[in-house]
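Each chain is listed here by its residues.
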Amino acid sequence: MIGAHGLLVVIPAFNEAECIGDVVREVRGELPQADVLVVDDGSTDDTLAIAERAGATVARLPFNLGVGGAMRLGYRYARDHGYQVVVQIDADGQHDPRYVPKLLDALDEADLVIGARFAGEGGYRVRGPRRWAMVMLSVVLSWLAGTRLTDTTSGFRAANRRAIELFARFYPVEYLGDTVETLVTACRRGLRVRQVPVAMRPRLAGIPSHSPLKATIYLGRAFTVLVLALLRR
């Protein structure tokens, strides 16, 4: 069991005023032992005020950096305040905090644990070029990690103190860098990476944007990010 001030839940948020209050309240209800940090990634709506009213500590970036920039701030906050574990949860309500104990249990044998959508639990499905990209990433990163990873782009993650120290120093802000490149770096630094199956929920608000063109662009970007991550020293 992680004691008081040992567990920090980091929620990166950009213009999530419709969702963030409910997400923070649910996390606090399911994980009363955790502190909650919302990183307001340059939002132009009421994300900051609503998150604070829901009981979260809020750190605000002056302009939008993306998930990578928000999480880099979150890991630095965790390092500087002595937290032993960081759990990343999305601000749109898709990540169910009831799975967090499973992620924490898996940290007994890992430094970084991924909540995997394609590991046998739930009905989440992806098709077409986006699915091809995920399969390609999974094959390469499973080889690097020495274990089967089916959902390398998942942002539902738990990291122990060793991973916190690494990510506080190095956490890319480029597109997909926060997922793909961080896994490449973790594996190369000898961190143990594992996954646990989770079910994904629909967004609490808003409409996800999907189209064949965007899926094809995603495939190209994923391949580029992977190649650059493998080449980068």
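You'll find the structure just up there.
These figures come from a predicted structure and were not determined experimentally.

Asks: Explain the sheet that holds strand β6 (residues 157-159) here, please?
Replies: With respect to topology, seven strands assemble into an open sheet ordered β3-β2-β1-β4-β6-β5-β7, the strand pairing being mixed. Two strands in the sheet have a free side with no partner beyond their single neighbour: β3 (57-61) and β7 (193-197). On average, adjacent strands in this sheet sit at an angle of 20° to one another, irrespective of strand direction. Both strand β5 (residues 112-116) and β7 contribute to a ladder of five bridges, which runs parallel. Its bridge partner being in β7, Ala 116 is matched across the sheet by Pro 197.

Asks: Is there a simple way to explain the packing of aromatic side chains in this structure?
Replies: Here the distance between the centres and the angle between the planes together describe a pair of aromatic rings. Summed over the entire model, instances satisfying the criterion amount to four aromatic pairs. An angle of 35° between the planes, with centres 5.4 Å apart, marks the rings of Tyr 75 and Tyr 171 as tilted. Linking Tyr 75 in helix α3 (residues 67-80) with Tyr 171 in the loop between α6 (161-169) and α7 (177-188), this pair joins segments that are 96 residues apart in sequence. Consider the rings of Tyr 77 and Tyr 83, whose centres lie 6.4 Å apart with planes at 20°: the pair is stacked. Taking the relative accessible area as the measure of exposure, Tyr 77 reaches 22% and is therefore partly exposed. Among the aromatic residues, those joined into a cluster by ring pairs are Tyr 75, Phe 167 and Tyr 171.

Asks: Would you mind going over unusual backbone geometry with me for this structure?
Replies: For residues other than glycine, phi is negative in most cases, and the peptide bonds are mostly trans. Here Asn 15, not a glycine, exhibits a phi torsion of approximately 55°, which is positive. Within the fold, Asn 15 resides in the loop between β1 (7-13) and α1 (20-30). Here Asn 15 falls in the partly exposed class, since its relative accessible area comes to 30%.

Asks: What's the story with α1 in this structure? I'm lost.
Replies: Every α-helix carries 3.6 residues per turn, so stepping three or four residues along brings you back to the same face. Turning to α1, its buried residues are Ile 20, Gly 21, Val 23, Val 24 and Val 27. Around the axis of α1, the buried residues are gathered within 165° of arc, so they sit on the same side. As for α1, its buried residues are in contact with β1, β2 (35-41) and α2 (47-53).

Asks: Please explain the side chain of Thr 47 as it appears in this structure.
Replies: Its location among the elements puts Thr 47 in helix α2. Given a relative accessible area of 0%, Thr 47 falls into the buried group. A distance of 2.9 Å separates a polar side-chain atom of Thr 47 from the backbone nitrogen of Glu 16. When sequence neighbours within four positions are dropped, the list of residues in contact with Thr 47 reads Ala 13, Asn 15, Glu 16, Ala 17, Ile 20 and Asp 40.

Asks: Teacher, can you tell me more about the side chain of Thr 152 here?
Replies: Here Thr 152 shows up in the loop between α5 (128-145) and β6. A relative accessible area of 2% means that Thr 152 is categorised as buried. Setting aside anything within four residues of it in sequence, one finds Thr 152 in contact with Leu 137, Ser 138, Leu 141, Arg 157, Thr 179, Val 180 and Leu 183.

Asks: When you look at the pattern of salt bridges in this model, what are you seeing that I'm missing?
Replies: Two side chains with opposite charge may pair up if their charged atoms get near one another. This structure, assessed with the given rule, holds ten salt bridges. Asp 22 serves as the salt-bridge partner of Arg 25, at 3.0 Å between the closest nitrogen and oxygen. Linking Arg 25 with Asp 22, this pair stays in helix α1, spanning three residues, or about one helical turn. Linking Glu 26 and Arg 201 is a salt bridge whose minimum nitrogen-to-oxygen distance equals 2.9 Å. Here Glu 26 is found in helix α1, whereas its partner Arg 201 is found in the loop between β7 and α8 (212-231), with 175 residues between them in sequence. Judged by its relative accessible area of 25%, Glu 26 falls in the partly exposed class. Through salt bridges with shared partners, a single network forms among Glu 26, Asp 96, Arg 98 and Arg 201.

Analysis parameters
- Residues numbered from 1 in each chain as written.
- Predicted model: local features only at pLDDT ≥ 70, side-chain atom pairs only at ≥ 80, totals over all residues.
- Heavy atoms only, no water.
- Pairing = 2+ DSSP bridges.
- Helix = DSSP H or I, 4+ residues; strand = E, 2+ residues; numbered from the N terminus.
- Axes fitted to C-alpha atoms, helices over the stretch in contact; angles between N-to-C directions.
- Phe/Tyr/Trp six-rings, centres within 6.5 Å; stacked < 30°, edge-to-face > 60°.
- Buried < 20%, exposed > 50% of the residue type's maximum accessible area, 1.4 Å probe, protein only.
- Arc of directions from axis to C-beta.
- Contact = heavy atoms within 4.5 Å.
- Polar contact = N/O pair within 3.5 Å; in protein donor to acceptor, adjacent residues only side chain to side chain.
- Salt bridge = Lys/Arg side-chain N within 4 Å of Asp/Glu carboxyl O.

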